[in-house]
Amino acid sequence: MTGQPPAPVGAEEVVAGGVLSAVRPDPHPDDSPLWAGFSTLEPPPETEPGAEAWVWEDPVPLTGTRVRPPFPVHVLPGWVRDFVTAVAEETQTPADLAGSLALAVLATAAGGRSVVHVRGAWREPTNLYTVVALPPANRKSAVFSLLTNPLYEAEKQLKTAMKPVIVESEVTARLAREAADRAAAKAASAEAGKRDELVATAVGLAQTAEALTVPVDPVLLADDSTPETVTSLMAEQGGRLSVMSAEGGIFDIIAGRYSGAPNMEVFLKGHAGDRLRVNRQTRREYIDAPALTIGLAVQPEVLREIGKVKGFDGRGLLARFLYALPVSRVGERKILTDPIPERTAAAYASNVIDLTLSLAEWTDPAVIQLTPEADAALIAFQERVEPQLKTRGGKLGHIANWAGKLAGATARMAALLHLADHLGNGYTRPVTEATMAAAIELGEYYTAHALAVFDVMGADPVIGRARSVLDALRDQAWDDVSRRDLFTVLSRTEVPTIADLEPALALLEDHGYLRTYQPERTGKRGRPPAPRIQAHPGIRHSDR
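What counts, and at which threshold
Residues numbered from 1 in each chain as written. Predicted model: local features only at pLDDT ≥ 70, side-chain atom pairs only at ≥ 80, totals over all residues. Heavy atoms only, no water. Salt bridge = Lys/Arg side-chain N within 4 Å of Asp/Glu carboxyl O. Helix = DSSP H or I, 4+ residues; strand = E, 2+ residues; numbered from the N terminus. Buried < 20%, exposed > 50% of the residue type's maximum accessible area, 1.4 Å probe, protein only. pLDDT = per-residue confidence, 0-100. Contact = heavy atoms within 4.5 Å. Axes fitted to C-alpha atoms, helices over the stretch in contact; angles between N-to-C directions. Parallel < 35°, antiparallel > 145°, perpendicular 65-115°, else oblique. Left-handed = near helix turned anticlockwise from the far one by under 90°. Nonpolar A, V, L, I, M, F, W, Y, C, P; charged D, E, K, R; others polar. Expected span 1.5 Å × (residues − 1). Patch = residues over 30% accessible without salt bridge, like charges linked within 9 Å, V, L, I, M, F, W, Y side chains within 5 Å. Areas by Shrake-Rupley, 256 points an atom, 1.4 Å probe, with all protein chains shown as cover.

A. How the structure looks around the pattern of salt bridges. Using the criterion set out here, one finds 14 salt bridges in the structure. When the shortest N-O distance is used, the salt bridge between Glu 265 and Lys 269 registers 3.4 Å. Note that Glu 265 and Lys 269 are positioned in helix 7 (residues 265-272) at a spacing of four residues, about one turn of the helix. Since its relative accessible area comes to 29%, Glu 265 is described here as partly exposed. Assessed through its relative accessible area of 24%, Lys 269 is described here as partly exposed. Notably, a salt bridge pairs Asp 288 with Arg 275, separated by 3.2 Å at the nearest N-O pair.

Below is the structure:
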């Protein structure tokens, strides 16, 4: 290709306000690792025959800063919105933190006790996985305590209410076992003529004793638990549990901190509600409809690390989380802040407790329906998202595993907002169009942040290969190179064929890092020489 140099298009695709739009990044962002360290540009060296003298412009970074919209606090029900806003003000933290945790709190209260019927056979449980990434010194623990304290109070009240039932059940079970033991002993020593009747009585009493179960103490929340512990707790708690933590240790545990190998089965099935059966020598546990909720606040570095864990993405664990990557307020925080109003805090605590207790005794989950208008809004949203999932050209194609679950997550959030709007009897009325619109806005917010998070994780293989090409050009100090020579120094695992290399080269050319040109013929016969690649002279002097 000859002529004028390609314009450094490089517009990053972002999601904002529900519309995928092109936003040109700053060609010199402060946090751009691909241009940092480039020295003052030098004239290009003497070129190959056929390569024109070239005036290079500064490249456009491969990944400009994604537009990450603020958390849409206004879509939350009034009592949740007021508390989230007040917490963000008092703690001087982004509302994204309290807002995402509030959704996890609602999911803890309703998860495993309600489902949303979307259409046909499509039903979604109302549990969620949320994770917020913020650097240190962002008061994550303080926000966690404020948001989750009512859940611990609800758990305490459930334990208090269950205590007499547990005591009565324990006494009844003990008496039944003792009666069965006495009957068995009597049958064993009976004369032959009476033995059959006494054996039948003993068997009946033993079966009655075996059928009696003693309830366990209610548990809503767990932290720093192994997959085996999570499974056992869920089995004891009728299938539901919530893992809430201001740290990211749960990812280390899933990755195999204690077992030495990743163990994510319960976390995969616990999100989807798929039947979970454990049959081992030491334990047998059956959960027909698991409902696990996860609410985490981690450091951004944790996201980078989990993106590298083998199996996390391939098996779909990373696709199950709703991600928030807000801008830290550290350095711009007010010293004197408005405290959380007592009435706001009291209303939040009371409503979380009431919602949790009102659904706690449901064994068959409450089924929440959608109005036709709400379903139409969700269908329209799905129709907008679906074309973006294409592997080639789809704006969400590189995170299709995640985006493919977006409609289901949106339906779950709509049900949770609905339950919070109609405390105590939300299951008696359908979700409205307005509530679905609020959930869709949340879905768009999480889509924008997911794009940024998966950038951090390196989810786009084309960008990853492009970075490897830049590294190779720098390491080999190549100003001019053939595709074949470049291909030979790249990893076959990352770039299996030259065809896999082409999209990365096209991306780099679009961003101004290199150009392709056609060398002149050196003779009149034979095929024309293959196109060659000329690299930006600044690549040799970069730090990466």
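B. Fine view of the environment of Asp 252. Inspection of the secondary structure puts Asp 252 in helix 6 (residues 249-255). Residue classification places Asp 252 among the partly exposed residues on the basis of a relative accessible area of 44%. Residues Asp 252 and Val 309, 57 residues apart in the sequence, show an inter-C-alpha distance of 9.5 Å.

C. Region of interest: the confidence of the model for the chain. Per-residue pLDDT for the chain averages 85, and the proportion of residues at 70 or more is 86%. For residues 1-45, every residue scores under 50 in pLDDT, and the model assigns this stretch 107 contacts once sequence neighbours within four places are set aside.

D. Inspection of unusual backbone geometry at higher detail. The backbone of Ala 137 shows a phi angle near 70 degrees, a positive value even though the residue is not glycine. On the secondary structure map, Ala 137 appears in the loop between strand 5 (129-133) and helix 3 (140-188). Its relative accessible area of 53% is what places Ala 137 among the exposed residues. Positive phi values are uncommon outside glycine, yet Arg 139 reaches one of about 55 degrees. Looking at the element boundaries, Arg 139 is found in the loop between strand 5 and helix 3. Here Arg 139 falls in the partly exposed class, since its relative accessible area comes to 39%.

E. Examining the packing of helix 3 against helix 9 (residues 342-360) more closely. Closest axis-to-axis distance for the helix 3/helix 9 pair is 9 Å, and the angle between their directions is 45 degrees. Between helix 3 and helix 9, the angle falls in the class oblique. Here the hand of the crossing between helix 3 and helix 9 comes out right-handed. Mapping the contact onto sequence places Leu 146, Leu 147, Pro 150, Leu 151, Glu 153, Ala 154, Gln 157 and Leu 158 in helix 3 and Tyr 348, Ala 349, Val 352, Ile 353, Thr 356, Leu 357 and Ala 360 in helix 9. In the contact of helix 3 with helix 9, the residues fall into twelve nonpolar, two polar and one charged.

F. Highlighting helix 13 (residues 433-457). Relative to the 36 Å expected for 25 residues at 1.5 Å per residue, helix 13 spans 35 Å between its end C-alpha atoms, a close match to the ideal helical length. When you tally the buried positions in helix 13, you get 19 out of 25 residues, the bulk of the element. Downstream of helix 13 by a residue or two, Gly 458 has a phi angle that is positive, lying close to 75 degrees.

G. A look at a nonpolar patch on the surface. Taken together, the side chains of Val 167, Val 171 and Leu 175 make up a nonpolar region of the molecular surface, amounting to roughly 220 Å² of accessible area. Turning to its location among the elements, Val 167 is positioned in helix 3. Assessed through its relative accessible area of 40%, Val 167 is described here as partly exposed.

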